[in-house]
Amino acid sequence: MSILNNEFRSEFPVLDQLVYGKRLAYLDSAATTLKPKAVIDSINHYYSKGTANVHRGIYFLSDEATNKFELTRQKMTKFINAKTYKEVIFTTGTTNSVNLVAQTYVRSFLKEGDEILLSQMEHHSNIVPWQLVAEEKKLKIKVIPINEKGELLVDEYKKLFTEKTKFVSVTYVSNALGTINPVKELIRIAHDHNAKIFIDAAQAMTHFKVDVQDLDCDFLGFSGHKMFGPTGIGILYGKESLLEMMPPYQGGGEMIDTVTFEKTTFNDLPHKFEAGTPPIASVIALGEAVSFIEKVTHAKIHEIETELLQYATSELSKIDGLRLIGTAAKKTSVCSFYLRDIHPHDVAALTDKEGIAIRTGHHCAQPLMKFFGVPATARASLAFYNDKADIDQLITSLHKVIKLFG
Ligand code: PMP
């Protein structure tokens with residue numbers, strides 16, 4: 001059983017430490033994943049040996065930085081199977097990718113009275129940007145309902161479409177529940193109704209292969225830090241034809257072709273959407289994260305995470321009075337729960353002292369918490385570098401919490 005003796009743990013230096021004198025059980029990968037040595041080394045190399053700006057210099061270091069920077073774009077193009085590198089835009093993360101599309105595509109092409117569909121399980125990042133533009137443009141937001149297991153109701157989704165529905169945005173995987181949505185079907189249905197669709201893939205990239213051509217999504221966004229890469233870097237994928245017709249998001253250097261005080265013309269894709277000096281070290285290191293995932297393989301990740309999820313679910317279910325929130329048939333290795341009537345913050349404050357890192361709160365999904373009638377949950381989210389001992393540590397600690405609260 002690979003979760004007994006996980007060969008990958010040693011690739012992640014963070015795991016090699018004690019917290020409060022205890023073994024660190026990092027169970028918060030849905031918030032951010034740990035970084036493998038290859039990614040850390042890459043950042044270190046850029047700042048210690050490779051510092052230079054990109055696209056501007058003709059000297060050695062600038063050339064090298066530019067090549068490595070653009071290599072990440074090539075790797076990413078292949079990784080998500082985009083048709084061309086022009087469809088891969090560097091952003092600062094999923095949130096930024098959503099805002100870009102809201103403020104360019106939706107702001108420019110939707111009219112008063114048009115409708116946007118979002119689901120009940122969205123992260124605030126996939127709600128608020130649409131609300132901001134909806135308010136300004138007088139658009140209507142409608143919500144796709146879910147069931148008690150945390151699964152999206154596809155038949156209800158179909159019923160929400162009218163001739164005014166022009167845009168849909170849904171998450172591939174829920175950060176709070178782990179639910180994997182049937183996005184290929186959701187995309188087909190949106191296209192049957194002539195609506196464009198954005199897929200929030202923030203929680204998807206580490207767990208399985210995402211193929212934008214197979215999905216046929218119009219836009220897709222994700223964050224580097226949730227796929228073993230650095231913070232502050234993310235991707236917006238968009239179909240070339242749509243990106244071409246969209247106005248720029250931000251103005252500045254790099255995104256222009258010619259500038260006069262009378263008129264500015266814009267750079268070609270993808271640079272049209274990349275104003276200013278980018279986070280160069282982070283982009284280069286993101287390329288290392290992609291290579292790392294390819295080396296480990298999605299198949300291996302799936303195998304380990306499936307085992308971890310089964311074991312964690314079965315052990316958590318044995319605890320009297322523990323309510324698992326999010327029991328979809330298809331889910332990633334996320335276990336959200338509510339323990340008796342103990343507030344999740346109390347649970348996490350006590351498990352923290354045992355060296356366990358779990359997340360508590362509304363997980364930036366307040367409408368979802370409202371649906372389940374809880375103010376917050378405790379969430380253990382597992383990645384392929386976790387092992388059985390991490391889960392056992394959590395279970396032992398939860399029993400101590402119960403004892404303490406009587
Ligand atoms: N969507 C989902 C489903 C997420 O889990 C997150 C991060 N928790 C985001 C969007 C926002 O990602 P970021 O903060 O990296 O922009």
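Keep in mind the model is a prediction, meaning the values are calculated, not measured. (Residues numbered from 1 in each chain as written. Predicted model: local features only at pLDDT ≥ 70, side-chain atom pairs only at ≥ 80, totals over all residues. Heavy atoms only, no water.)

Peer 1: Give me the pattern of salt bridges: which residues, what numbers.
Peer 2: Scanning all chains against the criterion turns up 26 salt bridges. Measuring nitrogen to oxygen at the nearest pair gives 3.1 Å for the salt bridge that ties Lys159 to Glu156. Pair noted here: Lys159 and Glu156 are both in helix α5 (residues 154-160), with a separation of 3 residues, about one helical turn. Exposure remark for Glu156: the relative accessible area of 31% places this residue in the partly exposed category. Each of Arg9, Arg23, Asp387 and Asp390 takes part in a single network of salt bridges with overlapping partners. (Salt bridge = Lys/Arg side-chain N within 4 Å of Asp/Glu carboxyl O. Helix = DSSP H or I, 4+ residues; strand = E, 2+ residues; numbered from the N terminus. Buried < 20%, exposed > 50% of the residue type's maximum accessible area, 1.4 Å probe, protein only.)

Peer 1: Just give me the short version of the sheet that holds strand β5 (residues 115-119), but keep the residues and values in it.
Peer 2: Read from one edge to the other, the open sheet built from 7 strands follows the order β4-β10-β9-β8-β7-β5-β6, with strand pairing classed as mixed. Looking at strand neighbours, the two that pair on one side only are β4 (88-91) and β6 (140-144), the edges of this open sheet. Neighbour to neighbour, the strand axes of the sheet diverge by 20 degrees on average, direction disregarded. Each of β5, β6, β7 (165-171) and β8 (196-200) is contacted by helix α4 (residues 128-137), which is oriented at about 145 degrees to β6, the strand it contacts most. Running over the sheet, helix α6 (residues 183-192) touches β7 and β8 and is turned about 160 degrees from β8. (Pairing = 2+ DSSP bridges. Axes fitted to C-alpha atoms, helices over the stretch in contact; angles between N-to-C directions. Contact = heavy atoms within 4.5 Å.)

Peer 1: Any chance you could break down the site of the ligand for me, citing the residues and the numbers?
Peer 2: Residues in contact with the ligand amount to 13 residues; listed here are only the nearest, Thr95, Asp200, Gln203, Ser223 and Lys226. In the environment of the ligand, a nitrogen atom lies 3.2 Å from a nitrogen or oxygen atom belonging to the side chain of His123. Measuring from an oxygen atom of the ligand, one finds a side-chain N or O atom of His225 at 2.7 Å. Considering the ligand on its own, with 400 Å² of exposed area, one finds that the protein chains cover 85% of that surface. (Near = heavy atom within 4 Å. Polar contact = N/O pair within 3.5 Å; in protein donor to acceptor, adjacent residues only side chain to side chain. Areas by Shrake-Rupley, 256 points an atom, 1.4 Å probe, with all protein chains shown as cover.)

Peer 1: Tell me about empty space enclosed by the protein, and please be specific about residues and values.
Peer 2: Here the structure, examined in full by the defined rule, presents 2 cavities of 30 Å³ or more. Taken as a whole, the largest cavity spans an internal volume of roughly 90 Å³. Surrounding the largest cavity, 13 residues form its lining, Ser29, Ala30, Gln203, Thr206 and His207 being those nearest its centre. Residue classes in the lining of the largest cavity are distributed as 5 nonpolar, 7 polar and 1 charged. Counting only domains with at least three residues in the lining of the largest cavity, you end up with domain 1 (9-27 + 298-404) and domain 2 (41-294). Empty space within the second largest cavity amounts to approximately 50 Å³. Taken together, Leu27, Ala312, Leu316, Cys335, Ala380, Leu382, Ile391 and Leu394 form the lining of the second largest cavity. Among the elements of the structure, α10 (298-317) and α13 (388-404) are those that each provide at least two residues to the lining of the second largest cavity. Classifying every residue of the lining of the second largest cavity by side-chain character gives 8 nonpolar, no polar and no charged. (1 Å grid on protein atoms, 1.4 Å probe; cavity = no way out; pocket = protein on both sides within 12 Å on 5 of 7 lines; lining within 4 Å. Points joined across faces, edges and corners; volume = space filled by probe spheres on them. Nonpolar A, V, L, I, M, F, W, Y, C, P; charged D, E, K, R; others polar. Domains from an automatic or database assignment.)

Peer 1: How would you sum up the domain arrangement of the chain? Please name residues and give values.
Peer 2: Interface size is often expressed as the accessible area that is lost when the parts come together. Domain boundaries assigned for the chain yield domain 1 (9-27 + 298-404) and domain 2 (41-294). Put simply, the middle of domain 1 and the middle of domain 2, counted by C-alpha atoms, are 29 Å apart. Each partner contributes residues to the interface: domain 1 has 30 residues there, and domain 2 has 29 residues. For the pair domain 1 and domain 2, the summed buried area comes to about 2,400 Å², and 62% of that belongs to carbon and sulfur atoms. Summed over the shared surface of domain 1 and domain 2, the number is 0 salt bridges. Only α10, β14 (334-339) and α12 (366-372) provide two or more residues apiece to the side of domain 1 that touches domain 2. A per-element tally of the side of domain 1 that touches domain 2 places α12 first, with 6 residues. Residue composition of the side of domain 1 that touches domain 2, by class: 16 nonpolar, 9 polar and 5 charged. (Buried area = accessible area lost by both parts, 1.4 Å probe.)

Peer 1: Got a sec to walk through α4? Specific residues and values, please.
Peer 2: When we look at burial in α4, the residues that qualify are Pro129, Trp130, Val133 and Ala134. Along the axis of α4, the buried residues cluster in a sector spanning 130 degrees; they form a single face. Seen from the open side of α4, the exposed residues pointing more than 90 degrees away from its buried face are Leu132 and Glu135. The secondary structure elements touched by the buried residues of α4 are α3 (94-109), β5, β6, β7 and β8. Looking one or two residues beyond α4, the residue adopting positive phi is Lys138, at roughly 55 degrees. (Arc of directions from axis to C-beta.)

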